[in-house]
Amino acid sequence: MLHITMIGSGAIGVGVLELLENDPELVVDAVIVPQTSQALVRQRLASLRKAPRVLTALPAEARPDLLVECAGHRAIEQHVLPALERGIPCLVVSVGALSEPGLVERLEAAAQRGGTRIELLPGAIGGIDALSAAKVGGLESVLYTGRKPARAWLGTPAELACDLEQLSEARVIFEGSAREAARLYPKNANVAATLSLAGLGLDRTWVRLIADPTSSENVHQVEARGAFGGFELTLRGKPLAANPKTSALTVYSVVRALGNHAHAISI
């Protein structure tokens with residue numbers, strides 16, 4: 001049985017916990033959340049058959065088989081880096097945080113010192129294996145287009161470009177490098193950052209973001225070209241009901257990764 005500690009218990013974390021209830025080989029022993037959120041989190045988890053303990057940090061004596069980050073960018077600094085130093089393997093959902101200069105190198109160094117590893121989860125996007133293989137064989141260009149319902153961009157710089165509430169047709173709200181996209185749209189940066197790390201990097205991966213009032217889905221399109229040939233990928237992900245900025249596929253990606261660590265056969 002794989003013993004897991006999870007950082008975060010928001011829409012993604014709760015979705016993962018619900019799906020893991022029926023897997024006898026996986027158990028989440030604890031979730032880590034800020035002190036101010038603990039009462040609400042306990043209420044959210046009350047319906048689970050075996051609710052995990054709610055903590056503010058990983059205890060000094062704790063040695064979970066895996067630490068899974070589902071909390072957002074700040075959790076990387078607060079919890080993932082120290083865990084790696086202690087030799088605890090980590091799975092990270094908030095890959096967009098790695099667009100911060102120097103953070104990838106710090107994570108790698110911490111994992112090396114701890115004699116462990118960090119795994120970056122693909123989340124809402126597919127084709128990462130193909131993109132990584134294409135990089136080996138000669139990758140020349142990667143274009144990512146992210147299309148979400150207009151309201152999913154509320155609270156972002158898109159509000160300066162147009163009236164999202166009154167938008168009547170699809171509108172390009174950003175076009176530029178993945179690094180700039182991550183800076184301006186950090187809560188929507190995970191897909192572009194994942195593609196960048198698998199492929200050409202943050203400065204050579206091109207990103208186009210679209211607000212579409214007619215769409216009820218989060219649509220991810222990837223076009224890659226190079227010496228290997230080329231491929232186009234389109235994913236139409238239903239957004240999480242609890243958080244329209246996040247695709248439901250992100251939850252399934254976490255569950256799949258945990259299953260690959262626990263089960264006899266992985267794919």
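About the criteria used
Residues numbered from 1 in each chain as written. Predicted model: local features only at pLDDT ≥ 70, side-chain atom pairs only at ≥ 80, totals over all residues. Heavy atoms only, no water. Domains from an automatic or database assignment. Contact = heavy atoms within 4.5 Å. Buried area = accessible area lost by both parts, 1.4 Å probe. Polar contact = N/O pair within 3.5 Å; in protein donor to acceptor, adjacent residues only side chain to side chain. Nonpolar A, V, L, I, M, F, W, Y, C, P; charged D, E, K, R; others polar. 1 Å grid on protein atoms, 1.4 Å probe; cavity = no way out; pocket = protein on both sides within 12 Å on 5 of 7 lines; lining within 4 Å. Points joined across faces, edges and corners; volume = space filled by probe spheres on them. Helix = DSSP H or I, 4+ residues; strand = E, 2+ residues; numbered from the N terminus. Core = buried A, V, L, I, M, F, W, Y, C linked by side-chain atoms within 4.5 Å. Buried < 20%, exposed > 50% of the residue type's maximum accessible area, 1.4 Å probe, protein only. Axes fitted to C-alpha atoms, helices over the stretch in contact; angles between N-to-C directions. Parallel < 35°, antiparallel > 145°, perpendicular 65-115°, else oblique. Left-handed = near helix turned anticlockwise from the far one by under 90°. Salt bridge = Lys/Arg side-chain N within 4 Å of Asp/Glu carboxyl O. Arc of directions from axis to C-beta.

Novice: Explain the domain arrangement of the protein here, please?
Specialist: Accessible area lost during the coming together of the parts is what is often quoted as the interface size. For the protein, the assigned domains read domain 1 (2–123 + 248–261) and domain 2 (128–237). A C-alpha centroid distance of 25 Å is found between domain 1 and domain 2. Taken together, the contacts link 12 residues of domain 1 with 11 residues of domain 2. With both sides pooled, the region where domain 1 packs onto domain 2 buries about 800 Å², and carbon together with sulfur makes up 68% of that total. Here domain 1 is connected to domain 2 by three residue pairs in polar contact (both at pLDDT 80 or more). Here the side of domain 1 that touches domain 2 is composed, by residue class, of eight nonpolar, four polar and no charged.

Novice: In this structure, what is going on with the layout of surface pockets? I would like to understand it.
Specialist: With a probe scaled to a water molecule rolled over the atoms, the places where space remains empty come into view. In this model, the largest pocket occupies a volume close to 1000 Å³. Residue lining of the largest pocket: 47 residues in total, with Cys70, Ala71, Gly72, His73 and Ser94 positioned closest to the centre. Elements that contribute at least two residues to the lining of the largest pocket include exactly α1 (11–20), α2 (38–45), α3 (74–85), β7 (139–149), α8 (190–198), β10 (218–226) and β13 (243–247). Residue composition of the lining of the largest pocket, by class: 20 nonpolar, 21 polar and six charged. Of the domains in this structure, domain 1 (2–123 + 248–261) and domain 2 (128–237) are the two that each give at least three residues to the lining of the largest pocket.

Novice: What am I meant to see in the nonpolar core here?
Specialist: Soluble globular proteins: nonpolar side chains tend toward being buried together. In terms of nonpolar packing, the biggest core is built from 31 residues, with Leu131, Tyr144, Trp153, Ile173, Leu195, Val207 and Leu209 touching the most fellow members. Taken together, the elements giving at least two residues each to this core come down to α5 (128–137), β7, β8 (171–177), α7 (178–184), α8, β9 (205–212) and β10. If you tally residues by element for this core, the top one is α8, at four residues. When near neighbours in sequence (up to four residues on either side) are disregarded, Ile173 contacts Trp153, Ala158, Cys162, Tyr185, Leu209, Ile210 and Ala211. Among the nonpolar cores identified, the runner-up in size contains 28 residues, and Val33, Val93, Leu121 and Leu258 belong to it.

Novice: In this structure, what is going on with the packing of α3 against helix α4 (residues 103–114)? I would like to understand it.
Specialist: To characterise two packed helices, one gives the angle between the axes of the helices and the distance between these axes. Following both chains from N to C, one finds α3 and α4 inclined at 30°, their axes separated by 6 Å at the closest point. Looking at the two axes, α3 sits roughly parallel to α4. Between α3, through Ile76, Glu77, Val80, Leu81, Leu84 and Glu85, and α4, the contact on the second element is made entirely by Leu103, Arg106, Leu107, Ala110, Ala111, Arg113 and Gly114.

Novice: I'm lost on the packing of α1 against helix α9 (residues 248–262) in this one. Help?
Specialist: Contact pair α1 / α9: the axes reach a minimum separation of 9 Å and the direction vectors enclose 50°. Relative to α9, α1 is oriented oblique. For the pair α1 and α9, the crossing hand works out as right-handed. In this structure, α1 contributes Ile12, Gly15, Val16, Leu19 and Leu20 to the contact, and α9 contributes Thr250, Val251, Tyr252, Val254, Val255 and Leu258. Grouping the constituent residues of the contact of α1 with α9 by class yields nine nonpolar, two polar and no charged.

Novice: Help me understand α1 in this model?
Specialist: Across the 10 residues that make up α1, a large majority, seven, are buried. Here α1 has its buried residues at Ile12, Gly13, Val14, Gly15, Val16, Leu17 and Leu20.

Novice: Looking at this structure, I do not really get the pattern of salt bridges. What am I missing?
Specialist: Where side chains of opposite charge bring their charged atoms close, a pairing between them can arise. Tallied over the full model, the rule gives 10 salt bridges. Between Arg208 and Glu175 there is a salt bridge, with its nearest N and O atoms 3.2 Å apart. Here Arg208, found in strand β9, pairs with Glu175, found in strand β8; they are 33 residues apart in sequence, far enough to count as distant. Note on Arg208: relative accessible area 25%, which makes it partly exposed.

Novice: Even after reading the chapter, I still don't get α2, so can you show me in this structure?
Specialist: Helical geometry: 3.6 residues make up each α-helical turn, so side chains three or four residues apart lie on a common side. Those residues of α2 not exposed but buried are Gln38, Val41 and Leu45. Seen from one end, α2 has its buried residues packed into an arc of 60°, which puts them on one side. The exposed set on the far side of α2, more than 90 degrees from its buried face, consists of Ala39 and Gln43. Residues of α2 that are buried make contact with α1, β2 (26–32) and β3 (53–55).

Novice: Before we go on, may I ask you to explain the side chain of Glu217 in this structure?
Specialist: Inspection of the secondary structure assignment puts Glu217 in the loop between β9 and β10. Residue Glu217 is classed as buried on the basis of its relative accessible area of 19%. In this view, Glu217 contacts Arg147, Lys148, Pro149, Arg236, Gly237, Lys238 and Pro239; residues no more than four positions away in its chain are not counted.

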